[in-house]
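# Summary of structural features
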Amino acid sequence: MLRGDPKHERITSVEVPIIVRGEVVGLLKRPRPLHEIQKIKFSVWSTATETLVWGLLIALAFSLLSAYVVSKNLTRPLIHISTTLRNLASGHFDARVPVINNVAYQPICDDVNFLGRALEESKETRQRWISDISHELRTPVSILNAEIESAEAGIQGSSEDMLKSMREEVVQLNQLINDLKMLSHSDLGGLNFERSELKVDQFLALLADKIRNAASKRNLNFELSLAALPSNVTLFADENRLRQVFDNLLQNSLRYTDSGGMIRLTATIADNRLQILWEDSDPSVPDESLPMLFERLYRVEGSRSRATGGSGLGLSICKSIIDAEEGEITAAHSELGGLAIGIMLPLERV
């Protein structure tokens, strides 16, 4: 038996079979020549090196391919988002980020698309707002122009009736301008409020006298219900602004409530909030018009005549004031058959 490490016998020795009469009866191991051993070692080393190099190349290629796929999945949503934002900034408010199957970027895509929809709605609202304002201003100006031309042509003299008509148009025009100015200040957060402690029952009782007198002139009944209102309720609010809210509600009811009808004002306390319900009798408004009553220049009957429909800004002004007072205002059908305006104001402010 050859001496040495048995693990290396296949490399360091050569087996020579012993054959007797055509049969292998044993094996004879003899040492390999040194040059053969070196040749085998070199072949093994070359094979291992080649295998290692190919393995590294394959791993590198796989890594590059994986990195390319991952980078495309990461950058493609960013490119779509960036492109959409540039389009929105350029005024193309209909631009949207396409649907992306990427959980990480989906919230950002949803926010960008929400911004696009909001900007598009704002643009449409602004265009409609400008169109409605121009229409509102055109009506009294056209009447004034026609009466002035008539007077200049001698068709109609400067009678008291003509001057009265012109004065009414100027008053309406001035009121519209003031309403628009107030709403613009509201949008910019520029409405001035002088808040103080206000005793609700006294405020509503004084307000009721004015409402009752105005209602009686239009052959309308007025009812004030304060039975469920404690006598010591105090509200921290701007009294003049609240009077403006009720003045607008009163004008709205006087304009639309049929003669012989009723106006009712109810005040209660619930969930630490003052809840006021303003109701009038027939006619009511269609269901589809209720959500739009607080939109600016909106009229249920669709008329653009200020003589019958007012400026269409009264309820919008009410909402602006109530929102500024951290309250809520809603519209619904009244049990009396007309419109019910609900106002909720916090009794305590955080």
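Everything discussed here concerns the structure shown above.
Residues numbered from 1 in each chain as written. Predicted model: local features only at pLDDT ≥ 70, side-chain atom pairs only at ≥ 80, totals over all residues. Heavy atoms only, no water.

## Comments concerning the overall build of the chain
A count of helices and strands for the chain gives 8 helices and 9 strands. In the chain, which comprises 350 residues, the proportion classed as buried is 31%. Pairs at least 24 apart in sequence give 64% of the contacts found in the chain among residues at least 6 apart. For the chain, the accessible surface area stands at approximately 22100 Å², while carbon and sulfur atoms represent 57% of it. (Helix = DSSP H or I, 4+ residues; strand = E, 2+ residues; numbered from the N terminus. Buried < 20%, exposed > 50% of the residue type's maximum accessible area, 1.4 Å probe, protein only. Contact = heavy atoms within 4.5 Å. Areas by Shrake-Rupley, 256 points an atom, 1.4 Å probe, with all protein chains shown as cover.)

## Re the packing of aromatic side chains
By the definition in use, this model includes 2 aromatic pairs. Centroid distance Phe203 to Phe246: 6.1 Å. Interplanar angle 55°. Geometry classified as tilted. In this pair, Phe203 is assigned in helix H5 (residues 200-217) and Phe246 in helix H6 (residues 239-256), connecting sequence segments 43 residues apart. The same class applies to Phe203 as to Phe246, namely buried. (Phe/Tyr/Trp six-rings, centres within 6.5 Å; stacked < 30°, edge-to-face > 60°.)

## A short note on unusual backbone geometry
With the exception of glycine, most residues fall at negative phi, and the peptide bonds are largely trans. Cis rather than trans, the peptide bond between Asp282 and Pro283 has omega equal to 0°. Among the secondary structure elements, Pro283 is positioned in the loop between strand E7 (273-281) and helix H7 (306-309). Residue Asn219 is not a glycine yet carries a positive backbone phi of 60°. Topologically, Asn219 is positioned in the loop between H5 and strand E4 (221-225). Phi at Glu326 takes a positive value of approximately 65°, unusual for a residue other than glycine.

## A few points about the sheet that holds strand E8 (residues 328-333)
An order of E4-E6-E7-E9-E8 is seen for the 5 strands of this open sheet, with the pairing classed as mixed. The open sheet has two edge strands, E4 and E8, and neither has a second partner. Looking at each pair of strands side by side, their axes are set apart by 15° on average, direction ignored. Strand direction decides the pairing type here: strand E6 (residues 262-270) and E7, joined by 8 bridges, are antiparallel. Counted as the bridge partner of Leu265 is Trp278 from E7. Across the sheet, H6 lies against E6, E7 and strand E9 (337-346), angled at about 20° from E7, the strand it touches most. Helix H8 (residues 314-324) rests against E8 and E9 of the sheet, and its axis sits at about 140° to E8. (Pairing = 2+ DSSP bridges. Axes fitted to C-alpha atoms, helices over the stretch in contact; angles between N-to-C directions.)

## Regarding H5
Taking 1.5 Å of rise per residue, the 18 residues of H5 would be expected to cover 26 Å, and the 26 Å separating its terminal C-alpha atoms lies within 8% of that figure. Every buried residue belonging to H5 is among Val200, Phe203, Leu204, Leu207, Ala208, Ile211 and Ala215, and all of these are buried. Contacts made by the buried residues of H5 are with strand E3 (196-199), E4, strand E5 (234-237), H6, E6 and E7. In the stretch just after H5, Asn219 is the one whose phi turns positive, near 60°. (Expected span 1.5 Å × (residues − 1).)

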